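Reading the structure
As a plain string of letters, each chain reads:
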2 protein chains.
Amino acid sequence: MVDEFDLIEKLLSRSRRLKHQGALIIPPGDDAALLSSIARPVITTDTHREGVHFRTEWQRHQEIGKKAVVITLSDLAASFATPVALFVNLSLPGHVTLENADALYDGIFEALDQYGCALGGGNISRAGELSLDMFAIGDCYSGYYPARSGARSGDGLYVSGPIGKAKAGLLALIHNDPDFPELVRAFKFPEARFDAAKILYAHGVRCVMDLSDGLIGDASHMARASSVTITLDPAALRLPPELTLFSRKYNLSPEKVAFEGGEEYELLFTCTPDVFARIENQLPSAFQVGIAAPFSETYLIQPFPEISSFQHGKKSY
Amino acid sequence: MVDEFDLIEKLLSRSRRLKHQGALIIPPGDDAALLSSIARPVITTDTHREGVHFRTEWQRHQEIGKKAVVITLSDLAASFATPVALFVNLSLPGHVTLENADALYDGIFEALDQYGCALGGGNISRAGELSLDMFAIGDCYSGYYPARSGARSGDGLYVSGPIGKAKAGLLALIHNDPDFPELVRAFKFPEARFDAAKILYAHGVRCVMDLSDGLIGDASHMARASSVTITLDPAALRLPPELTLFSRKYNLSPEKVAFEGGEEYELLFTCTPDVFARIENQLPSAFQVGIAAPFSETYLIQPFPEISSFQHGKKSY
């Protein structure tokens, strides 16, 4: 059984070596953390639970820790915010070895370093289930917040990069199929698209969210929040070749896998077609997936009515 | 089984009626919450798990929700900060009824209203165990942070109010003893001492923490962080009459119960005796429990060497 005091000692010592730990005036170890002034604080929270959001049979502990941080920070990217500090509550069952607990934090520190974020604090508690509750605070660099309610009639709907690969990767893991390592990689190692967000901000995009519930699920949230009707267009999709191969093997529609999707963490956004033409020059991975029109009867028009939203086992608010 | 979407709809609608919800520019419901500028952001996080931190046999769901918020905000009080927003991740087993989930949030909203804090967001996820992960952000109203490392040789060690009652209340619950309702109340309904913190701040107190691990546990943390030796003095204790009665019934030393304590959430602080004389005029519930001297061999001198620290099932950093 892991000694929590030893584990925390290690964490504190490692946190002091993080590049961006200087954002904390009072670092972890006191009753609370004190940060430098934040003009526009953006806060997001996420839960990652074994058996619901990850499986130790499929993912190494380091991969689990890293992905949990990336997913949490992704909401900051979608909010035009720079990461400042992350707080981690670990629920630790007795059967988790010290090696595995260390590896979880290896992944956490790797992501913190990559995205320039400090470790603000947290706790470790005994539990029956392994889970990570994360809270991230960032600083919004934009004078406006790119809300999901910002879609306007006449806007195009766009994604910042490929969709459907993470979903296909998850299916490959479920089928225990070793033939699609790139799809599995997309599932295991998403990126938080701070780079794409900066480009969208530079072009004044006002409606952004990150794709966690899949295109159909998230486009539906966006249409509802914006009171518009969004029509998804499968003809516009750019299908990754691995996704096409995978779909052929399992007799699936690749468009359907891409539309259902989930856990891509690409950015979903709307803007006018002329603004998108300029964005595309700087972000060639982006492409159109639909259009927004005045609300008429239904929020979302899409060719796969049997699909609603990716079931995450978690509802955020 | 509770429908999370319905529950979240209700939460969002209730959150809009909170007195201090205006602290949020973008309220819960988008990817993240956007708050107004915070000059000195203070952040703390806490985990509250069934069977470890609370028991539904002893506490109603409303009481559990309320106490969880109070405990979380208490760290802000001890940091000279005013609450701004609270984020709540609820892990919800299938057997929890809608009535009980509603009651949990009743308690959460009650505490948020009492302490003038907004609901910033959160999530609800399916789990085998009922637990609440909370994350609070506040604004430090002091130009310095009252760290646990601030104790100086020559300082007295003081508490803002009675100690030992919550521990005795917990023991009364364990013994299923109905004779000590006031002790049980102390266990179930702690207060976050923002009122006492304001007085300590006004008198320039520089070393403060909240009593969650019991006097022996927390005085030991403080002595270690401050590199001093703290001596606890049982003769100085003010023993609540109910604690004396309880201890007599169970053949316990009331001083020992008070020293071991835990979950009082009173403030533990140090200052010079002349400063304390002035504080006492405004905070008559406060009294001395020990003194700080130059470090010599051991961090804590106390008469009950068999006691170390209240075992919370949770280690914070």
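Residues numbered from 1 in each chain as written. Chains lettered and ligands numbered in written order. Predicted model: local features only at pLDDT ≥ 70, side-chain atom pairs only at ≥ 80, totals over all residues.

Thoughts on the overall build of chain A
When its secondary structure is counted, chain A shows 10 helices and 13 strands. What you see for chain A is a C-alpha radius of gyration of 20 Å, in line with the 20 Å of a compact globule of 317 residues. On the principal axes, the C-alpha backbone points of chain A span a range of 55 × 45 × 35 Å. A buried classification covers 59% of the 317 residues belonging to chain A. Nonlocal contacts in chain A, meaning residues at least 24 apart in sequence, comprise 85% of its contacts between residues at least 6 apart. (Helix = DSSP H or I, 4+ residues; strand = E, 2+ residues; numbered from the N terminus. Rg over C-alpha atoms; globule rule 2.2 N^0.38 Å. Buried ≥ 20, exposed ≤ 12 C-beta atoms within 10 Å, placed from the backbone. Contact = placed C-beta atoms within 7 Å.)

What about the domain arrangement of chain A?
Residues and elements named next belong to chain A. Each domain of chain A was delimited in the assignment, giving domain 1 (4-140) and domain 2 (148-301). Between domain 1 and domain 2, the C-alpha centre-to-centre distance is 27 Å. Taken together, the 13 residues of domain 1 in the interface contact 14 residues of domain 2. Per-element accounting of the side of domain 1 that touches domain 2 gives the leading share, eight residues, to helix 2 (residues 61-77). A class-by-class count of the residues in the side of domain 1 that touches domain 2 yields eight nonpolar, two polar and three charged. (Domains from an automatic or database assignment. Nonpolar A, V, L, I, M, F, W, Y, C, P; charged D, E, K, R; others polar.)

Quick look at helix 7 (residues 215-226) of chain A
Residue and element names in this part refer to chain A. Across its 12 residues, helix 7 extends 16 Å between first and last C-alpha, which sits within 8% of the 16 Å expected from 1.5 Å per residue. Burial analysis of helix 7 places 10 of its 12 residues in the buried class, the great majority of the element. Downstream of helix 7 by a residue or two, Ser227 has a phi angle that is positive, lying close to 55°. (Expected span 1.5 Å × (residues − 1).)

Things to note about the relation of the copies chain B and chain A
The two copies are related by a screw operation: chain B maps onto chain A through 180° of rotation and 0.0 Å of translation along the axis, at an RMSD of 0.0 Å. Both copies of the chain, as the preceding transformation shows, are related through a two-fold rotation axis. No C-alpha of chain B approaches the rotation axis more nearly than that of Ile38 of chain B, which lies at 2.8 Å. Looking at the interface residues of chain B, 100% of them are also at the interface in chain A, so both copies use one shared face. (Least-squares fit on C-alpha atoms with pLDDT ≥ 70 in both.)

Remarks on the interface of chain B and chain A
Taken together, the 58 residues of chain B in the interface contact 58 residues of chain A. With eight residues, the top contributor of residues to the side of chain B that touches chain A is strand 3 (residues 41-49) of chain B. Here the side of chain B that touches chain A is composed, by residue class, of 29 nonpolar, 15 polar and 14 charged. Note: strand 5 (residues 118-126) of chain A against strand 13 (residues 314-316) of chain B, three bridges, orientation antiparallel. Each bridged residue has a counterpart across the sheet, and for Ser125 of chain A the counterpart in strand 13 of chain B is Lys314 of chain B. (Pairing = 2+ DSSP bridges.)

Some points on the pairing of strand 11 (residues 287-294) of chain B
Pairing between strand 7 (residues 156-159) of chain B and strand 11 of chain B: four bridges, direction antiparallel. Bridging across to strand 11 of chain B, Leu157 of chain B finds its partner in Gly290 of chain B.

Quick look at the sheet that holds strand 10 (residues 267-271) of chain A
Strand order in the open sheet formed by six strands is 8-10-7-11-9-12 (chain A), and the pairing between neighbours is mixed. For this open sheet the edge positions go to strand 8 (207-210) and strand 12 (300-301) of chain A, each flanked by a neighbour on one side alone.

What to know about the packing of helix 4 (residues 165-174) of chain A against helix 8 (residues 241-249) of chain A
All names here are of chain A. Following both chains from N to C, one finds helix 4 and helix 8 inclined at 40°, their axes separated by 10 Å at the closest point. By the angle class used here, helix 4 and helix 8 are oblique. The chirality of how helix 4 crosses helix 8 is left-handed. In this structure, helix 4 uses Lys165, Ala168 and Ala172 to contact helix 8, whose residues at the interface are Glu242, Leu243 and Phe246. Here the residues of the contact of helix 4 with helix 8 sort into four nonpolar, no polar and two charged. (Axes fitted to C-alpha atoms, helices over the stretch in contact; angles between N-to-C directions. Parallel < 35°, antiparallel > 145°, perpendicular 65-115°, else oblique. Left-handed = near helix turned anticlockwise from the far one by under 90°.)

Thoughts on the nonpolar core
By size, the foremost hydrophobic cluster in this structure holds 212 residues, and its most contacted members are Ala85, Leu86 and Ala219 of chain A together with Ala85, Leu86 and Ala219 of chain B. If we ignore the near neighbours within four places in the chain, the residues touching Ala219 of chain A are Leu157, Ile230, Leu232, Leu268, Gly290 and Leu300 of chain A. (Core = buried A, V, L, I, M, F, W, Y, C linked by C-beta atoms within 7 Å.)

Description of the sheet that holds strand 1 (residues 24-26) of chain A
Judged by pairing direction, the sheet is mixed, and its seven strands sit side by side in the order 1(A)-2(A)-3(B)-6(B)-4(B)-5(B)-13(A) without closing on themselves. Edge strands, defined here as strands with exactly one partner in the open sheet, are strand 1 and strand 13 (314-316) of chain A. Shown here is a sheet whose adjacent strand axes are inclined to one another by a mean of 25°, direction ignored. Two elements, strand 4 (residues 81-92) of chain B and strand 5 (residues 118-126) of chain B, share eight bridges in a ladder whose sense is parallel. Among the inter-strand pairings, Leu86 of chain B is bridged to a residue of strand 5 of chain B, identified as Leu119 of chain B. Sitting on the sheet, helix 2 (residues 61-77) of chain B touches strand 3, strand 4 and strand 6 (131-140) of chain B, and the angle it makes with strand 6 of chain B is about 30°.

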